[in-house]
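Analysis of the macromolecular model
Now for the letters of each chain:
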Number of protein chains: 4
Amino acid sequence: MVGASRSTEGAGPIRLGMVGGGQGAFIGAVHRIAARLDGEFRLVAGALSSDPDRARASATMLGLEPERSYASYEEMARSEAGRADGIEAVAIVTPNHLHFGPAKAFLEAGIHVICDKPLTATLEEAKELAAIAERSDALFILTHNYTGYPMVRQARQMVADGALGELRVVQAEYAQDWLTEKAEATGSKQAEWRTDPARSGAGGATGDIGTHAYNLLRFVTGLELDALAADLDAFVEGRRVDDNAHVMLRFRGGAKGMLWASQVAPGNENSLRLRVYGTAGGLEWWQEDPNRLWYTPFGQEKRLITRGGAGSLPAAARVSRIPPGHPEGYLEGFANIYAEAARAIRAARQGPAELPQDVVFPTVRDGVEGVAFVDACVRSSKNDGAWTKLSI
Amino acid sequence: MVGASRSTEGAGPIRLGMVGGGQGAFIGAVHRIAARLDGEFRLVAGALSSDPDRARASATMLGLEPERSYASYEEMARSEAGRADGIEAVAIVTPNHLHFGPAKAFLEAGIHVICDKPLTATLEEAKELAAIAERSDALFILTHNYTGYPMVRQARQMVADGALGELRVVQAEYAQDWLTEKAEATGSKQAEWRTDPARSGAGGATGDIGTHAYNLLRFVTGLELDALAADLDAFVEGRRVDDNAHVMLRFRGGAKGMLWASQVAPGNENSLRLRVYGTAGGLEWWQEDPNRLWYTPFGQEKRLITRGGAGSLPAAARVSRIPPGHPEGYLEGFANIYAEAARAIRAARQGPAELPQDVVFPTVRDGVEGVAFVDACVRSSKNDGAWTKLSI
Amino acid sequence: MVGASRSTEGAGPIRLGMVGGGQGAFIGAVHRIAARLDGEFRLVAGALSSDPDRARASATMLGLEPERSYASYEEMARSEAGRADGIEAVAIVTPNHLHFGPAKAFLEAGIHVICDKPLTATLEEAKELAAIAERSDALFILTHNYTGYPMVRQARQMVADGALGELRVVQAEYAQDWLTEKAEATGSKQAEWRTDPARSGAGGATGDIGTHAYNLLRFVTGLELDALAADLDAFVEGRRVDDNAHVMLRFRGGAKGMLWASQVAPGNENSLRLRVYGTAGGLEWWQEDPNRLWYTPFGQEKRLITRGGAGSLPAAARVSRIPPGHPEGYLEGFANIYAEAARAIRAARQGPAELPQDVVFPTVRDGVEGVAFVDACVRSSKNDGAWTKLSI
Amino acid sequence: MVGASRSTEGAGPIRLGMVGGGQGAFIGAVHRIAARLDGEFRLVAGALSSDPDRARASATMLGLEPERSYASYEEMARSEAGRADGIEAVAIVTPNHLHFGPAKAFLEAGIHVICDKPLTATLEEAKELAAIAERSDALFILTHNYTGYPMVRQARQMVADGALGELRVVQAEYAQDWLTEKAEATGSKQAEWRTDPARSGAGGATGDIGTHAYNLLRFVTGLELDALAADLDAFVEGRRVDDNAHVMLRFRGGAKGMLWASQVAPGNENSLRLRVYGTAGGLEWWQEDPNRLWYTPFGQEKRLITRGGAGSLPAAARVSRIPPGHPEGYLEGFANIYAEAARAIRAARQGPAELPQDVVFPTVRDGVEGVAFVDACVRSSKNDGAWTKLSI
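The shown structure was predicted, so the numbers you read here are calculated from the model rather than taken from an experiment. (Residues numbered from 1 in each chain as written. Chains lettered and ligands numbered in written order. Predicted model: local features only at pLDDT ≥ 70, side-chain atom pairs only at ≥ 80, totals over all residues. Heavy atoms only, no water.)

Brief notes about the sheet that holds strand E4 (residues 112–115) of chain D
Residue and element names in this part refer to chain D. Short version of the rule: Strands qualify as paired when DSSP identifies two bridges or more between them. Numbered from the N terminus, helices here are DSSP runs of H or I no shorter than four residues, and strands are runs of E no shorter than two. For helices, the fitted axis covers only the stretch in contact; all axes are lines through C-alpha atoms, and the angles between them, taken along N-to-C directions, range from 0 to 180 degrees.
Ordered in space as E2-E1-E3-E4-E5, the five strands form an open sheet in which the pairing is parallel. Pairing within the sheet leaves two strands with one partner each, and these edge strands are strand E2 (41–47) and strand E5 (140–142). Within this sheet the neighbouring strands show an average axis-to-axis angle of 25°, counted without direction. With three bridges connecting them, E4 and E5 associate as parallel partners. Within E5, the position partnered with isoleucine 114 by the bridge is isoleucine 141.

Considerations on helix H5 (residues 123–135) of chain C
Residues and elements named next belong to chain C. The criterion, for reference: To estimate the expected span of a helix, subtract one from its residue number and multiply by 1.5 Å. Only protein chains enter the area calculation, which uses a 1.4 Å probe; residues under 20% of their type maximum are buried, those over 50% are exposed, and those in between are partly exposed. Contact between two residues is taken to exist if any of their heavy atoms lie within 4.5 Å; hydrogens are not considered.
Taking 1.5 Å of rise per residue, 13 residues should cover 18 Å, and H5 covers 18 Å from first to last C-alpha, within 8% of that figure. Every buried residue of H5 is listed here: Leu123, Ala126, Leu129, Ala130, Ile132 and Ala133. In this structure, the buried residues of H5 make contact with helix H4 (100–108), strand E5 (140–142) and helix H12 (364–382).

Some thoughts on the relation of the copies chain B and chain A
What counts here: What sets the superposition is a least-squares fit of C-alpha atoms, and only residues with pLDDT of at least 70 in both copies go into it.
Aligned on chain A, chain B shows an RMSD of 0.0 Å; the corresponding rotation is 180° and the shift along the axis is 0.0 Å. Considering both components of the superposition, the chain copies are consistent with a two-fold axis. A symmetric contact is evident, with 100% of the interface residues of chain B recurring at the interface of chain A.

A look at the environment of Val364(D)
All names here are of chain D. Tracing the backbone through its elements, the reader meets valine 364 in helix H12 (residues 364–382). Under the relative-accessibility criterion, valine 364 is labelled buried at 4%. C-alpha of valine 364 to C-alpha of isoleucine 114: the two residues are 250 residues apart in sequence and 10.0 Å apart in space. Here valine 364 is in contact with Leu119, Leu129, Ala130, Ala133, Glu134 and Phe140, once residues within four sequence places are set aside.

A closer look at the sheet that holds strand E4 (residues 112–115) of chain A
Residue and element names in this part refer to chain A. Strand order across the open sheet formed by five strands is E2-E1-E3-E4-E5, with parallel pairing between neighbours. In this open sheet, the two strands that pair with only one neighbour each are strand E2 (41–47) and strand E5 (140–142). Here the average twist between neighbouring strands, direction ignored, is 25°. On the sheet, helix H1 (residues 27–37) packs against strand E1 (14–19), E2 and strand E3 (89–92) and is oriented at approximately 175° with respect to E1. Against the sheet, helix H11 (residues 330–349) touches E1, E2, E3, E4 and E5, its axis set at about 125° to E1.

Structural notes on the packing of aromatic side chains
Residues and elements named next belong to chain C. This is how the line gets drawn: To pair, rings of Phe, Tyr and Trp, with the six-membered ring standing in for Trp, must have centres within 6.5 Å; the planes then decide the type, stacked if under 30 degrees apart, edge-to-face if over 60, and tilted in the middle.
Evaluation of the coordinates by the stated rule reveals 34 aromatic pairs over all chains. Judged by centre distance (6.0 Å) and plane angle (75°), the rings of tyrosine 146 and tyrosine 174 are edge-to-face. Of this pair, tyrosine 146 sits in the loop between E5 and helix H6 (150–160) while tyrosine 174 sits in strand E6 (residues 167–175), and the two are 28 residues apart along the sequence. Looking at tyrosine 174, the relative accessible area reads 0%, which means it is buried. Between tyrosine 214 and phenylalanine 373, the ring centres sit 4.4 Å apart and the planes meet at 15°, which makes this aromatic pair stacked. In this pair, tyrosine 214 is assigned in helix H9 (residues 205–221) and phenylalanine 373 in helix H12, connecting sequence segments 159 residues apart. Judged by its relative accessible area of 2%, tyrosine 214 falls in the buried class. The class of phenylalanine 373 is buried, set by a relative accessible area of 0%.

Quick word on empty space enclosed by the protein
For clarity, the threshold we go by: Cavity means a closed set of points on a 1 Å grid over the protein atoms alone, one where a 1.4 Å probe fits but cannot get out, pocket means an open set with protein on both sides within 12 Å along at least 5 of 7 lines, and lining means a residue has an atom within 4 Å of a point. Grid points are joined across faces, edges and corners, and a volume is the space filled by probe spheres set on the points. Each residue gets one of three labels, nonpolar for Ala, Val, Leu, Ile, Met, Phe, Trp, Tyr, Cys and Pro, charged for Asp, Glu, Lys and Arg, and polar for the others, Gly among them.
Of the voids in this model, the largest cavity is the one considered here, and its volume is about 140 Å³. In this structure, the largest cavity is lined by 18 residues; those nearest its centre are Glu288(A), Asp289(D), Asn291(D), Arg292(D) and Pro327(D). Here the lining of the largest cavity is built from residues that sort into five nonpolar, five polar and eight charged.

Below you can see the structure in the form of structure tokens.
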């Protein structure tokens, strides 16, 4: 067994707080594992639930000191900002409509923000938050976690290096099946808020997973969207947001794409797939088998590039922990966002110096673009699929 | 090793002629193998090439009697119709723009026509040919060969049987890479005519392979198209027809679909893929691995249905020759169209009686729809992707 | 769609007879399709069944002239040898114990023999038949059909060309599940004779499919067996031959191998798999996905070589009919044995001249080795797995 | 996105020490991530290297207090046992020949031991260590980490529940390629000790990875070995331990197996694969795609059981963290061993009470059996592959 571990360990963990993520939440636990995995963060404070009992019980379970379990994010921001040992960063893991408030509060308190996606439930809030983030010295990291997968980094580097030549066609899709039936009517808390436009925003599948597919293609290809044409559906009777989205994409410079997001496609769990084709080659990647990247230089055999194996580039290696053939998964990819955040936060400690060049993470600008993508899809679909530009 | 052979053998082969398919042609040889595979046809006449030398040499190679190697299809139709031992059916394997003439001639001579797809190069010709075919007593079989794959038959039967519930979403794609560079400028005869609108029709990838994807989804799902929105490109500089097509589909009754056809996607050989999702389950099939069909009843494990294996239905078995685990391929699927044609032709010998109910093959109507699909794609794309109906 | 058809068509079909293969038989129909596929053979005579009624009905179904439907192979050999238009070759598709008699008869009549495998039910008969074949001017072709797959030819050529360096390790397996239960007791004709030592020989799975795996590894690697150690089982109670075989292999020169043959492995249909590893690279091939060959040059990315795609060699192309991405299957591979036989038979017509160098097919010597392999497995297993040499 | 996180968080981390694992080591970093992932352990002490400088630098990097960075494990065991806040458990991650000493020291100091595999470099030491462990109140956990994968737990439960019926055949293999060339001569530290019999023990591939394959099959099937026949090779010239092992297995009760371990198989990274077949069904699992388990009930379609998906059992769910379709990998599986250890250690805190019934981890007995497996392979191979029993 060969390979070398990453040396991000040590140097004292960063003090982290969390908003949301109390018992029963899904994504909060993921953030905590991701924060812990490389030993870079220690969770020391939280406003874990709007329900005081649940907040308290969750804090106890997580070993927080009682005085650092807060009833509200406002109180937490105020109090932690005033402590010598206050948190340096906060993870915001609430439903979409509850990102804006805490993000604003912590940014204004000078505390770095690590925020779940999509950025906000509305485009207005997204833009306002971006303005706030850009005025702040604090960092803003958006957990578009799929950008943390080593082979996604590999793909991005290969495109940047010209391995595909000039890009022509992008096929992106994210298919699930868990909303095939009306789960929001039968007690699924996750389904309830994710299909409630007041909490999730105007996009359903579009916002929940379409934004991931869109962010992924943007991250890997660097292509900039010119316009999109969308056809959204809510197939399940009475559903208030879309559960299936068909989108055609036109990029600046002439490349074209298609994007499919669905939560009603039986047999798909988290089938996020990206295929990119250019004048010189093609790449294919699938989230459910994330350690493998298929690359075909035009006119040659298809090649399998594995995480850490032959042909894998430094861009992949630096976010990789173990040897090839030992799969890394979703949590490691997610942890890479935290690891990048840690590097940025440690750099920020040194003062206004520049970030190390190779630190890569999604920012508030990606967040605005994601929300604008949802907004444009919804507008296009209402306008019979007319080609629509992002409002940014 | 277990299994049972199909009993279509015997009963004296049907006398077959061929138009096109001389030395160097690709699809002619495929038709001949398909015709031969079950022993149902014997090639006895041909107008194999417009080049007399090549016609003669091809006829010799194929063992035709010299007098039945014709200089033109007109002469062949006339002469064969007058012979007691004249051909009963003719295979037309010329480029698209040369389907109409021979098809008309043989139909009017009362000879059954087995014609390559797309039906014609223009919609006008397609409709006229349909009218001719419908007036004729002769059969018209269009070789949309992918409908001959056993697991495509299986998928169709499963949809018809309700295994997927009410259909919602269809994803169809056919990706190739052989036109990534300008092959039509470097001596590829196949590339030349397939990118020449005068010979292939207005659609490039759309006509050559998009029609296959469209026909396949129609065959399996039975869904009827309401309208489409298309975005076509000719990525290779100077190419005169599209080499990449993005299409959104709206079906009557509310189902939606996407269709992608590309000949510039490096790493794809003949990647025709169909995915169908309904309220009760999902199906996935890939032409490059055609003996397997993936079926997920919603809420249950994904299942692999193999040709001839557990869960495979009579609709698949009747076009299958060998036991499960021994792959059948493209030629067997193609041969199934010929086998169905043979059953129909033998039935037709008996007089005006009905065809056996289980004989299934694409007809001139499918051909018209395919050409109308290309026509609608081209019109929609010129009209900035406006939703467009088929002109039929 | 690109590619070129093989030009083996034409030149007048070879007159073929068949022994066995009457209605209800499996492998007879396969042989007939294989013989027909390239138009190289025409079936004109048969001794199709020992049951006169079935023989007659089968002959009628296959369009044989009544006078050339024989009651016995002896009569057929005698009669056909005396006809000016007598058969040039005969396909022997009877159960294993009935290969010897007809093979001897036709060889001695100067008629080429195409014989199903394993060669015979006993090693004595195998050796005697080899002696007869070698005395005869007639050709002897053994249908170890998996050697006909293009990517098997590719693998063989790559090994011969040194792409793998010096060979070290071979893993061969052929797993099925159809004898998991006692099918021979519940009416399966195929199971009955294949588990009857009097008809199949001393080996069950070993003879039926282990010989295929052994032949395949021999064909691809060229390695010569030094000794084997086998552990055979009949897992199903009351079964009279092995249904699972574990074998370790030692080759001359130091390479090693393992071979597994099983008919009691649920979930396996015809899972014949070969993996070969050397100092410079590795190859992997699977019969159920036969158009793909995986090749890893040591220290480089794994590559997918497809039939007809980049990296595929002339050895594969010459037994390939259609373009890459359009799968060829079992019947095409089987037909390649017939196509090779046809080339050899046509060459033989010219007199004592040498065969074209690139004609490749399994011979009586491979057949003897296969039967000797079964014999050695049985002897080793009875001798508690002692290392055992082939008796040849 | 749906799913529920495991609730192992909280309750105060267990104080952990580490022996070995200084900078540059591979497996030490893996253990630390695994220990950290669920927040159950905190690393507070270490004897990280026999090189004092490296030990010190490693301790600093890991944030240990200087006084708890020890020069030797003996000192560490003595000192930590005397502290009120001393470590409760120690992870031993040294090369194989350096497991025995520290394991003995910590067990005798009453400190729980989490030890890398194989247990020891010799069978004598293994047995002695087992005796020590069984006399001790401290727990002994062996990190046969592949038993921590959820779908391995699933497979084990399915076998135990009878989903496969009576077991007949097991195929286990672990193939790598990193020792295809003589890496031990070109500066690979990992290769050096793993091919040095004084440090790794008498088995090379057999000990390093063969033990994993053996442990995995034992864990999943519960079958007990009766005897084995082995053929070991050192293919690379001058290599002092085997780099390829072929082993046939006989289990009590009549089931049979094959096991292949290789480090010279180009194209294999960490290809650990297990296939199990019984009277009622078959299972297949591959470590490089660990979230999927293939299950075929005999006579039915093959089914894909995914981690957390339909058909997955509580035995898998309790060691799973995130929803289906989001892959968990090697580190999560490894962390499951630590999570089980944590449960056991917390239970042990309560006194002599029994462990919770569902806590599952490999113990010193599995370790002895693993070393005995290597010993038997080596003896059998030296004895020309004679059937050999484990010396336990």
